[in-house]
Amino acid sequence: MGELLILLYIFVLATLAGREVISKVPPTLHTPLMSGANAISGIAIIGALMVTAAAGQLWVKVLGTAGIVMATINVVGGFMVTDRMLQMFRKR
Amino acid sequence: MENTITQIVYLISAVLFVSGIKLLSSPATARSGNARASLAMLLAIVVTLLDHEILNWTTVLAAMAAGAVIGGLLARYIEMTAMPQLVAVFNGFGGGASAAVAAAEFVRAGGSSPSLGVDVGVTIVLSTLIGAVTFSGSLIAFGKLQGVVTGKPVTFPLQKTFNGLLFLLTLLVGASLAHVAVADAVAPLVGMGGLEISGPFFLTLVVAALILGVLLVIPIGGADMPVVVSLLNSYSGIAAATTGFVLNNYILIIAGSLVGAAGLILTQLMCKAMNRSLGNVAFGAFGTEGQTAKAKTGERPVRDVDAEQAAMVLAYAGSVAVVPGYGLAVAQAQHELKKVCDLLEDRGVTVRFGVHPVAGRMPGHMNVLLAEADVSYDKLLDLDDINAEFDSTDVVLIVGANDVVNPAARDPDSVIAGMPILDVDKARTVIVMKRSLSPGFAGIDNDLFYMDNTLMFFGDARDQMTELVKEVREA
């Protein structure tokens, strides 16, 4: 099986897993779920690290570094603000 | 692909992401779910750093430190009312990062993707396209939410035709970048050779995608923002997943597609809550036709009350249902509202909150604001639960909500026909706290304001709520 096909399998199965896991979220948690998921989309940081790590050409370095900065903002900010929100959700 | 240990750590990280998201979907476990997802991210980052021979540690670490400081400060000091804007910005950065990575891969491959092979070429094009659309679209969404860009739908003649042509252009340019045969066919048209077009065409792709992102979001009105924000969230996940295809990296694909799925589910929920299809939200430019309805406003008599009268009605009620809307967020009146509710509860009044799924500017916006004001989440009832209660509710207090309580939704001829609403008019008395009689984002008049059992309590929600605290205390 070709590499691309394996990647496609992973993509489809992970999407289905995502659907199953999230399908019943109470409205109370819509915002934290969204900002938490948003932080996870900062996974692009892995890609940015990979391209920057071995970057020789100037433009690769510039784009990769920009990618790292943006993705880190997304990851760190996203997880922190989600935690800040969830801290407030309490039952009394 | 990387070595076995790295792969196994990525697998552990993937499991933590899935279970983290699962925990995020229940209030009691949500916080640990978020912690688990952050741990997954940390693991993936550390193992990636260790696995690669890093030529420029200084650059990498400095970039990460800069991002962490900016993100951390934003997360720590942002007002809860500004949460939709913040989510939009973070989202844009996620999409931007994916596009930047794809572009870097393109440059690294010698700036000519036909030499990459079709599969890599296609994925680079897709990830650049989706990432760039997410980036510029999210920034426009941020602008609209922040009030920098007008919240009204922006339309111009032949908009759809123009968008369609632009999209065709990106497809054509993308296909030429991805496949050498297309490149050879298209290149002579612009007077170049098959390999020469790569650089200029790639730039064209980036610019066209950025413009496309802007054009997709500007025609969407303020009230539809919950849909747009969750859709863009989905895009940022898909962009990350396509970047995973470019780099042959499993964890990018898994995490990215989880986010893509989450965003799509939320988008569907939001569309359902407005009884509109996604296509209708994206291309409807909702709210433009409403300008004519404005003329009717103010011609019919309303009953208005002051803080003292409103306080009396509330204080001597048996049960009160509060319906918060975006006006509450704008006025930042959630803490004062909580004080009023506490005072009422001290007097033995049952207080509950009815939250419409699309109240506010992002999914669950009102829940966050009320949580910030320390309202227990089990007092927040969703649409179906609170609708079953209005019959037996003495007083409904509406704070800055409009379209979600407009009975016109039951009229098949109305522009908001069929939208699920809160049936507040079934309660004995309705108090509407609002600045004026002006229509909401749907642009239509609200019959609720003119009903016999409705009392209008005009003014800024925060000022009026402060007054109300004083009056309820004395009542």
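This text goes with the structure placed above it.
What you see is a predicted model, and the numbers here were worked out from it, not measured in a lab.

When helices and strands are tallied, chain B shows 17 helices and six strands. Projecting the C-alpha coordinates of chain B onto the three principal axes gives extents of approximately 80 × 50 × 35 Å. Counting across all 475 residues of chain B, residues that qualify as buried make up 55%. By sequence separation, contacts in chain B at least 24 residues apart represent 79% of the contacts at least 6 residues apart.

We now examine the interface of chain B and chain A. Each side of the interface is counted separately: chain B has 96 residues, and chain A has 78 residues. Where the side of chain B that touches chain A is concerned, the elements lending two or more residues are α1 (4-24), α2 (30-51), α3 (57-77), α4 (83-108), α9 (225-247), α10 (250-273), α15 (365-372) and β3 (380-382) of chain B. For the side of chain B that touches chain A, the class distribution of residues is 57 nonpolar, 29 polar and ten charged.

Tracing the backbone shows Leu 86 of chain A in helix α4 (residues 58-88). For the pair Leu 86 of chain A and Trp 59 of chain A, spaced 27 residues apart in the sequence, the C-alpha separation amounts to 40 Å. In contact with Leu 86 of chain A, other than residues within four places in its own chain, are Pro 32 of chain A together with Ala 30, Arg 31 and Asn 34 of chain B.

Once that is clear, we can look at the nonpolar core. Residues Ile 43 and Ile 45 of chain A together with Phe 17, Leu 258 and Ile 398 of chain B are the most contacted members of the largest nonpolar core, which totals 204 residues. Three or more residues apiece are contributed to this core by two domains, here domain 1 (78-283) and domain 2 (295-474) of chain B.

Once that is clear, we can look at helix α17 (residues 461-474) of chain B. Its 14 residues place the ends of α17 of chain B 20 Å apart at the C-alpha level, agreeing with the 20 Å of an ideal helix rising 1.5 Å per residue. Elements in contact with the buried residues of α17 of chain B: α12 (307-315), α13 (326-331), α14 (334-346), β4 (395-399), β5 (429-434) and β6 (454-458) of chain B.

Between two packed helices, both the angle of their axes relative to each other and the distance between the axes serve to describe the pair. The contact between α4 of chain A and α4 of chain B brings their axes to 8 Å, and the two run at 155°. By the angle between their directions, the pair α4 of chain A and α4 of chain B is classed as roughly antiparallel. The hand of the α4 of chain A/α4 of chain B crossing is left-handed. Of the residues assigned to the contact of α4 of chain A with α4 of chain B, the class counts are 17 nonpolar, seven polar and one charged.

What follows deals with the packing of helix α1 (residues 3-22) of chain A against α1 of chain B. Interhelical geometry of α1 of chain A versus α1 of chain B gives an angle of 25° and a closest axis separation of 9 Å. It follows that α1 of chain A is roughly parallel to α1 of chain B by the angle criterion. At the point where α1 of chain A passes α1 of chain B, the crossing takes the right-handed sense. Where α1 of chain A abuts α1 of chain B, its residues Ala 17, Val 21 and Ile 22 of chain A lie against Val 18, Ile 21 and Lys 22 of chain B. Counted by class, the contact of α1 of chain A with α1 of chain B contains five nonpolar, no polar and one charged residues.

Residue and element names in this part refer to chain B. Under the 1.5 Å per step criterion, the end-to-end length of helix α6 (residues 159-178) is 28 Å for 20 residues, consistent within 8% with the ideal 28 Å. Taken as a whole, α6 has its buried residues at Thr 170, Val 173, Gly 174, Ser 176, Leu 177 and Ala 178. Looking at the buried positions of α6, the neighbouring elements they touch are α5 (118-146), α7 (180-186) and α8 (198-217).

All right, on to the sheet that holds strand β1 (residues 319-324) of chain B then. Residues and elements named next belong to chain B. Within the open sheet, the six strands sit side by side as β3-β2-β1-β4-β5-β6. Their pairing is parallel. Pairing within the sheet leaves two strands with one partner each, and these edge strands are β3 and β6. Within this sheet the neighbouring strands show an average axis-to-axis angle of 25°, counted without direction. Along the sheet face, α15 touches β1, β2 (350-355) and β3 and points at about 145° away from the line of β2.

Each value, and the rule that gives it
- Residues numbered from 1 in each chain as written.
- Chains lettered and ligands numbered in written order.
- Predicted model: local features only at pLDDT ≥ 70, side-chain atom pairs only at ≥ 80, totals over all residues.
- Helix = DSSP H or I, 4+ residues; strand = E, 2+ residues; numbered from the N terminus.
- Buried ≥ 20, exposed ≤ 12 C-beta atoms within 10 Å, placed from the backbone.
- Contact = placed C-beta atoms within 7 Å.
- Nonpolar A, V, L, I, M, F, W, Y, C, P; charged D, E, K, R; others polar.
- Core = buried A, V, L, I, M, F, W, Y, C linked by C-beta atoms within 7 Å.
- Domains from an automatic or database assignment.
- Expected span 1.5 Å × (residues − 1).
- Axes fitted to C-alpha atoms, helices over the stretch in contact; angles between N-to-C directions.
- Parallel < 35°, antiparallel > 145°, perpendicular 65-115°, else oblique.
- Left-handed = near helix turned anticlockwise from the far one by under 90°.
- Pairing = 2+ DSSP bridges.

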